[in-house]
Amino acid sequence: MIAFIDKKQREERAAEWAAVGQGQLSGLFIRLREVRRQVAAEIGKPAFIVISDKSLQDLVLKRPTTLEALADVYGFGEYKAKAYGKPFIEAIKQYASDS
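A few points on the structure. (Residues numbered from 1 in each chain as written. Predicted model: local features only at pLDDT ≥ 70, side-chain atom pairs only at ≥ 80, totals over all residues. Heavy atoms only, no water.)

## Overview of the overall build of the chain
Next, step 1: Within the chain, the regular secondary structure consists of 5 helices and 0 strands.
Next, step 2: Every one of the 99 residues in the chain was classed for burial, and the buried ones make up 29%.
Next, step 3: Here the contacts in the chain between residues at least 6 apart in sequence split such that 55% fall between residues at least 24 apart.
Next, step 4: Carbon and sulfur atoms make up 53% of the accessible area of the chain, which totals about 6600 Å². (Helix = DSSP H or I, 4+ residues; strand = E, 2+ residues; numbered from the N terminus. Buried < 20%, exposed > 50% of the residue type's maximum accessible area, 1.4 Å probe, protein only. Contact = heavy atoms within 4.5 Å. Areas by Shrake-Rupley, 256 points an atom, 1.4 Å probe, with all protein chains shown as cover.)

Put into structure tokens, the structure is as follows:
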């Protein structure tokens, strides 16, 4: 089943993503980019194959702490959550404990 969001939700999400892009939440975003780069190097693929910047932004906004919660993050399906999710979850938990 496809879930559609209405115009107001789309505008709110765009504003949140813009805040991430403007650096208001940049510490975690930068850390997650580093994790993505490490995962990509380990598997020998480009970073964008692991997850997109849009997915990183959604990770920053939603801050999931379980693999199951990754299902609510843009770009994370079951495969990507199992294959790549653990280091992102660990980085989010570490960031939360450091803050």
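The discussion continues.
## What about the packing of helix α2 (residues 26–43) against helix α4 (residues 53–62)?
Packed helices, taken two at a time, are described by the angle their axes make and the gap between the axes.
Next, step 1: Interhelical geometry of α2 versus α4 gives an angle of 130° and a closest axis separation of 9 Å. Classed by the angle they form, the pair α2 and α4 counts as oblique. With respect to the hand of their crossing, α2 and α4 are arranged in right-handed fashion. Note on element contacts: α4 touches α2 through D53, L56, Q57, L59 and V60, opposite L28, F29, L32, R33 and R36.
Next, step 2: Of the residues belonging to the contact of α2 with α4, the class tally is 6 nonpolar, 1 polar and 3 charged. (Axes fitted to C-alpha atoms, helices over the stretch in contact; angles between N-to-C directions. Parallel < 35°, antiparallel > 145°, perpendicular 65-115°, else oblique. Left-handed = near helix turned anticlockwise from the far one by under 90°. Nonpolar A, V, L, I, M, F, W, Y, C, P; charged D, E, K, R; others polar.)

## Quick notes on α2
Next, step 1: With 18 residues, α2 extends 26 Å between its outermost C-alpha atoms, agreeing within 8% with the 26 Å of an ideal straight helix rising 1.5 Å per residue.
Next, step 2: Inspection of α2 places L28, F29, L32, V35, R36, V39 and A40 among the buried residues, and these make up the whole buried set. Looking straight down α2, one finds its buried side chains confined to an arc of 135°; they lie on one side. (Expected span 1.5 Å × (residues − 1). Arc of directions from axis to C-beta.)

## Let's talk about the nonpolar core
Next, step 1: In this structure, L32, L59, F76 and F88 are the most contacted members of the largest nonpolar core, which totals 20 residues.
Next, step 2: Elements with a contribution of two residues or more to this core: α2, α4 and α5 (78–98).
Next, step 3: Leaving out residues up to four positions away in the same chain, L59 has contacts with L32, I51, P64, L70, V73, F76, F88 and I92. (Core = buried A, V, L, I, M, F, W, Y, C linked by side-chain atoms within 4.5 Å.)

## Considering the pattern of salt bridges
Next, step 1: A full pass over the atoms with the stated rule returns 4 salt bridges.
Next, step 2: The residue D53 makes a salt bridge to R36 at a minimum N-O spacing of 2.9 Å. Here the residue D53 occupies a position in helix α4, and R36 occupies one in helix α2, the gap between them amounting to 17 residues.
Next, step 3: Taking the relative accessible area as the measure of exposure, D53 reaches 38% and is therefore partly exposed. (Salt bridge = Lys/Arg side-chain N within 4 Å of Asp/Glu carboxyl O.)

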